[in-house]
Amino acid sequence: MKSSRRSFLKIAGISALGIGAKPVLDVLASSGETKAPITMKREDALTAKRWGMVIDTRKLQSEEDLEPMIEVCDKIHNIPKFENPRHEIKWIWAEEFKHEFPMQEADFLDDRLKHMSFLTLCNHCEKPPCVRVCPTKATFKREDGIVLMDFHRCIGCRFCMAACPFGSRSFNFRDPRPFIEKTYPEFPTRTKGVVEKCNFCAERLAVGKIPACVEVSNGALTFGDLDDPESEVRQVLRKNYTIRRKPALGTGPSVFYIV
Amino acid sequence: MPNNKKMYDKGKVVAGLCIFVVLITFPFWYNLGKAAPAPEPKLSDKAKAAKECVMPTAYMKAEHMQILNEWRDTVVREAKRIYVNPSGKKFNMSLSNTCLDCHVEKAEFCDKCHNYASVTPYCWDCHIDSKEAK
């Protein structure tokens, strides 16, 4: 009888293990089957290590030449038009030489440059000071070099506006919506109390399009990967003497000007 | 011991208490059975035809705000715009252009429940309901 009790316990133990293991195995088996949703980039998205732009000012003589680029940007990014210049929102705009390149003025600057309008936009710096000062990480530098804003996170402290040496940022002092001529449904508007600036058309790059200003520039603007020696921008940079805005500050602008 | 626990003005106090209790519970019994019915968000024809949203309906009802938060972070921060749901269907992660493309009537769909639950998401401060914009 002793041996039979022993063997009974053995069998009971093993079968208990077996019964216990079944649901565990079931869970393990099923967890492999249920798929979690995945996110990914579109196949036609444009990618780079460091996006950059070259502006050939020889092809953009007057303010009228800049207009189509400014206009298209204003339109597709729902940029409001305020009458009060202190409320102005600007992503891309015209600036004269002494404001565009202070400290790079020659004593006797030639007349063409002196009275010319330069296309100005966010420089998407290599070491962006606006990113360093943002307390909420609303402004951040993407892997492809674009300095981007997450409007959801912006608390409107305007540290970035103080930090940016190029005046590339604007603050929404009032609700911009009533001042947008025609709303462009594919891009959100902003709200009162957030800062905004040029985004190098990140929303267009994601769907395989180059920035809108480059598209309408008739070849005056070149856009591409500064990290790729074979890219179009690098070809243009190799062949032409270019200057950048306030290079001494060491922010490393990614926008170059052929003057 | 003398009984010094005698209540003065018993009648007035009890009557006053009764009136107080009735007044304080007034909103409860006055509104009894008059609770506003839970709203039924109206599905547009396009949404009906699609049968299923990005995720199963029950999940969407409970977790659409989490999905939207995930979407906004992946789109803005990671530059990824395509969402592949467990059944392998691809969606462009966009509130204005994907969600509202199907749920055409924001007022009949989003707002109905949000108003009932007294939540005011600030999505629409920036994101455009193209119907309203026109």
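Preceding this paragraph is the structure being described.
Cut-offs used in this document
Residues numbered from 1 in each chain as written. Chains lettered and ligands numbered in written order. Predicted model: local features only at pLDDT ≥ 70, side-chain atom pairs only at ≥ 80, totals over all residues. Helix = DSSP H or I, 4+ residues; strand = E, 2+ residues; numbered from the N terminus. Rg over C-alpha atoms; globule rule 2.2 N^0.38 Å. Buried ≥ 20, exposed ≤ 12 C-beta atoms within 10 Å, placed from the backbone. Contact = placed C-beta atoms within 7 Å. Core = buried A, V, L, I, M, F, W, Y, C linked by C-beta atoms within 7 Å. Expected span 1.5 Å × (residues − 1). Pairing = 2+ DSSP bridges. Axes fitted to C-alpha atoms, helices over the stretch in contact; angles between N-to-C directions. Nonpolar A, V, L, I, M, F, W, Y, C, P; charged D, E, K, R; others polar.

Looking only at helices and strands, chain A has nine helices and eleven strands in total. Taking 259 residues into account, the globule formula puts the C-alpha radius of gyration at 18 Å, and chain A, at 28 Å, lies well above it. Expressed as a percentage of its 259 residues, the buried residues of chain A come to 35%. The contacts in chain A between residues at least 6 apart in sequence include a share of 66% that link residues at least 24 apart.

This part is about the nonpolar core. Formed by 54 residues in total, the largest nonpolar core has its most connected members in Ile55(A), Ile92(A) and Leu119(A). Taken together, the elements giving at least two residues each to this core come down to strand E2 (51–56), helix H2 (63–76), strand E3 (92–96), strand E4 (117–121), strand E6 (147–149), helix H8 (212–215), strand E9 (221–225) and strand E11 (255–258) of chain A. Aside from chain neighbours lying at most four places away, what touches Leu119(A) is Ile55(A), Leu60(A), Leu66(A), Met69(A), Ile92(A) and Ala94(A). Counting five residues, the second largest nonpolar core, distinct from the first, contains Trp71(B), Val76(B), Tyr83(B) and Met93(B).

A separate point is helix H3 (residues 57–78) of chain B. All names here are of chain B. End to end, H3 covers just 27 Å across 22 residues, shorter than the expected 32 Å (1.5 Å per residue, more than 12% under). Here H3 has its buried residues at Trp 71, Val 75 and Val 76. As for H3, its buried residues are in contact with strand E1 (82–84).

Moving on: the sheet that holds E11(A). Either a parallel or an antiparallel arrangement is found when strands of a sheet pair, and the pairing is made through backbone hydrogen bonds. Residues and elements named next belong to chain A. One open sheet holds the four strands; their spatial order is E9-E2-E11-E10, and the pairing between them is mixed. Looking at strand neighbours, the two that pair on one side only are E9 and strand E10 (242–243), the edges of this open sheet. Bridge analysis of E10 against E11 gives two bridges, and the strand direction is antiparallel. Its bridge partner lying in E11, Thr 242 is registered against Ile 258. The strands that helix H9 (residues 232–239) touches are E2, E9, E10 and E11; relative to E9, the one it contacts most, it runs at about 120 degrees.

Before going further, it helps to examine the interface of chain A and chain B. Listed per partner, the contact involves 21 residues of chain A and 20 residues of chain B. A per-element tally of the side of chain A that touches chain B places strand E1 (residues 38–40) of chain A first, with three residues. In terms of residue class, the side of chain A that touches chain B is built from eight nonpolar, six polar and seven charged. Bridge count between E1(A) and E1(B): three bridges; the pairing is antiparallel. From the neighbouring strand, Met40(A) faces E1(B), where its bridge partner is Ile82(B).

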